[in-house]
Each structure stands twice: as C-alpha cells, then as structure tokens.
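Single-letter residue listing:
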Amino acid sequence: IINDAKSSFDRVSTSMGEKEIKLMKTLVTSFPPHTSPFRGTVLKFKVKAPLGTCRQWWKHVVSSTHTEEQLQHNERSFRYLEAIDPDEFYIRKTLHYQSQTNKQGSGEALPNEIAQPLLEEPRENCRSSYALYRKMIDAGVSREEARDALNPAIYTSWTWTCSFQAGVHFCGLRSGNGAQHDISRYSECVEQLIRPVAPVAFEMISTSGVLF
C-alpha cells in the first residue's frame, strides 16, 4: 500500500517505519481519503453460502469480481452440476422477532419453545424440494429445469476476488447492528482473514470512522 502511494515519486519502502505510518495516516484521514493505494493489494476468497446471502454479497462489485474459477460462471451452476447432497441447505437454528428500529433487520431471538416447531416446516420443505429435484433428474429432466424445484435455502459457492479497499468496505457495511445477521457472520470471518494482510492499514481505517 505504501509503495503504491510512493509510486508517484518513484520511491520504494522496504519496511514499515514512522514515516510510512505517517503516510498511511495521511491517506486515511485526508478528505476525501486517498483510496487508490488500497486497491493495489488483491485478495481472493472461496465462499460457500446460502443463495440469500449471495445476493447481498454480489452487490459488492466495485474493485471486486465474483467468478467460479473452473466454470467461469458467477457461481456453482446447477445447469452444469447436479445437487448431490440432500443436506446442502441452510437451516436456521433459531428465529428472531422483526426489529422495531431496523426495517430490514432482526431483533431479539424467539423463545426456543416457539422457534423450534416453526423451524421444522422449513426443514421438511428443504427435504421435499430435494426429493422432487432427484425425481425430476432421474426422470431425465434437464438440470436447468429440475433446479427450479430446489429450495432457495440451498448452498452455492463462488470465488470472490477483491481489492483490500473493497474487502474493508465489505466488512464496514456488513457488520454491526445495521447488518443482517447471516452476512455479518461472514463479515467477521473476512475481517479475520484480511486484518493480518495489512494490519496497520486495517486498524487505521477501522478506528478512523471512514467507510472506504
């Protein structure tokens, strides 16, 4: 990051000293912040998540690509591959009340005695959708049409390549009280992987209050 910032003067640093830390702080705290040096560090993740979570994740397109390295497709495609595991569905362990302060978020957890009976029906729905899917495949129906039977709670996978800036932006947007619970858990994991790559930069950005 520092050397990308110094490229205008054709200079290179080989260590992270006081001058480099000062320069990093200038990049972060300037208004507007100088973000281009943070796009030179590239990160790549293999992600597995339910379809609902994927739809939120794929909104992060600036300095990001969402590809499948073998199929060159946006995700593991059920046109090319069959769903082979009847347990490959995301089944929640509990349910939450609608948040009274966040129109798109969840609030407190429902009592277990209320939540568990309600969760049994989605479990059965996933099982029956997979059974219908297998029935259609075994009857010779094309994969692209048989996939319509699959419950959208099914997992899929893809490769996410992004800049350091895009990764930090993802963590900033998809964590905290305003974020939806499911993707915030992924955001926590992404942060754990990104922070060691450029710890000084991540710490400065996360404590500055600047959302890159």
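Residues numbered from 1 in each chain as written. Predicted model: local features only at pLDDT ≥ 70, side-chain atom pairs only at ≥ 80, totals over all residues. Heavy atoms only, no water.

Some thoughts on the overall build of the protein
Threshold: We count a stretch as a helix when DSSP gives it H or I for four or more residues in a row; a strand needs E for two or more, and each element gets its number in order from the N terminus. Whether a residue is buried, partly exposed or exposed follows from its accessible area with a 1.4 Å probe, protein chains only, as a fraction of its type maximum: under 20%, in between, or over 50%, in that order. Note on contacts: a residue pair qualifies if any of its non-hydrogen atoms lie within 4.5 Å across the two residues. Areas reported here follow the Shrake-Rupley algorithm with a probe of radius 1.4 Å; residue values treat only the protein chains shown as occluding. His is not counted here, nor are the chain ends, while Lys and Arg score as positive and Asp and Glu score as negative. In plain terms, the charge of a residue is placed at NZ if it is Lys, CZ if Arg, CG if Asp and CD if Glu.
Secondary structure summary: the protein contains 8 helices and 5 strands in total. Counting helices and strands in the order they occur from the N terminus, the protein gives α-α-β-α-β-β-β-α-α-β-α-α-α. Along the first, second and third principal axes, the C-alpha set of the protein runs to 65 × 40 × 25 Å. Residues classed as buried in the protein amount to 37% of the 212 residues present. When contacts within the protein are restricted to residue pairs at least 6 apart in sequence, long-range pairs at least 24 apart make up 66% of them. Per element, the accessible surface of the protein, about 13100 Å² overall, is 52% carbon and sulfur. Computed over 25 positive and 24 negative side-chain charges, the separation of the two mean positions in the protein equals 6 Å.

Quick notes on the environment of Tyr 186
Our working rule: Throughout this description, a polar contact denotes any pair of N or O atoms lying within 3.5 Å of each other; where both atoms belong to protein, one of them has to be capable of donating a hydrogen while the other can accept it, and for residues adjacent in sequence the pair is counted only when both atoms sit in side chains.
Among the structural elements, Tyr 186 can be located in helix α7 (residues 181–194). When the C-alpha atoms of Tyr 186 and Glu 88 are compared, they prove to be 18 Å apart, with 98 residues separating the residues in sequence. Not counting the four nearest positions on each side in its chain, Tyr 186 is found in contact with Val 47, Lys 48, Ala 49, Pro 50, Thr 53, Trp 57 and Tyr 155. At 2.7 Å, the side chain of Tyr 186 forms a polar contact with the backbone oxygen of Lys 48.

Examining the sheet that holds strand β5 (residues 155–163)
Put simply, the rule is: Two strands qualify as a pair provided that DSSP identifies no fewer than 2 bridges between them. Here the axes come from fitting lines to C-alpha atoms, over the contacting stretch only for helices, and the angles between their N-to-C directions go from 0 to 180 degrees.
The 3 strands lie next to each other as β1-β5-β2, forming an open sheet whose pairing is antiparallel. What marks the edges here is a single partner per strand, and that holds for β1 (42–50) and β2 (64–67). The mean angle between the axes of side-by-side strands here comes to 25°, regardless of whether they run parallel or antiparallel. Here 9 bridges tie β1 to β5, and the two strands are oriented antiparallel to one another. If you follow Ala 49 over to β5, its bridge partner there is Thr 156. Strands β1, β2 and β5 of the sheet are contacted by helix α6 (residues 164–173), whose axis makes an angle of about 125° with β5. With respect to the sheet, α7 is in contact with β1 and β5, its orientation differing from that of β1 by roughly 155°.

Section: the environment of Cys 171
Relative to the elements of secondary structure, Cys 171 occurs in helix α6. With 20 residues separating them along the chain, Cys 171 and Glu 191 place their C-alpha atoms 6.3 Å apart. Other than its neighbours up to four places away in sequence, Cys 171 contacts Ser 187, Val 190, Glu 191 and Ile 194.

A word on the packing of aromatic side chains
Note the threshold: To pair, rings of Phe, Tyr and Trp, with the six-membered ring standing in for Trp, must have centres within 6.5 Å; the planes then decide the type, stacked if under 30 degrees apart, edge-to-face if over 60, and tilted in the middle.
With the rule as written, the count across this model stands at 9 aromatic pairs. Ring centres of Trp 58 and Trp 158 lie 5.4 Å apart, and the angle between their planes is 80°; this geometry places the pair in the edge-to-face category. Remark: Trp 158 occurs in strand β5 and Trp 58 occurs in the loop between α3 (51–57) and β2; sequence separation between them is 100 residues. An identical accessibility class is assigned to Trp 58 and Trp 158; each is buried. Pairing Trp 160 with Phe 170 gives two aromatic rings, centres 5.1 Å apart and planes at 55°, and the pair type is tilted. Residue Trp 160 is found in strand β5, and its partner Phe 170 is found in helix α6; the two are separated by 10 residues along the sequence. Like Trp 160, the residue Phe 170 is buried in the burial classification. One aromatic cluster is present, formed by Phe 45, Trp 57, Trp 58, Trp 158, Trp 160, Phe 170 and Tyr 186 through successive ring pairs.

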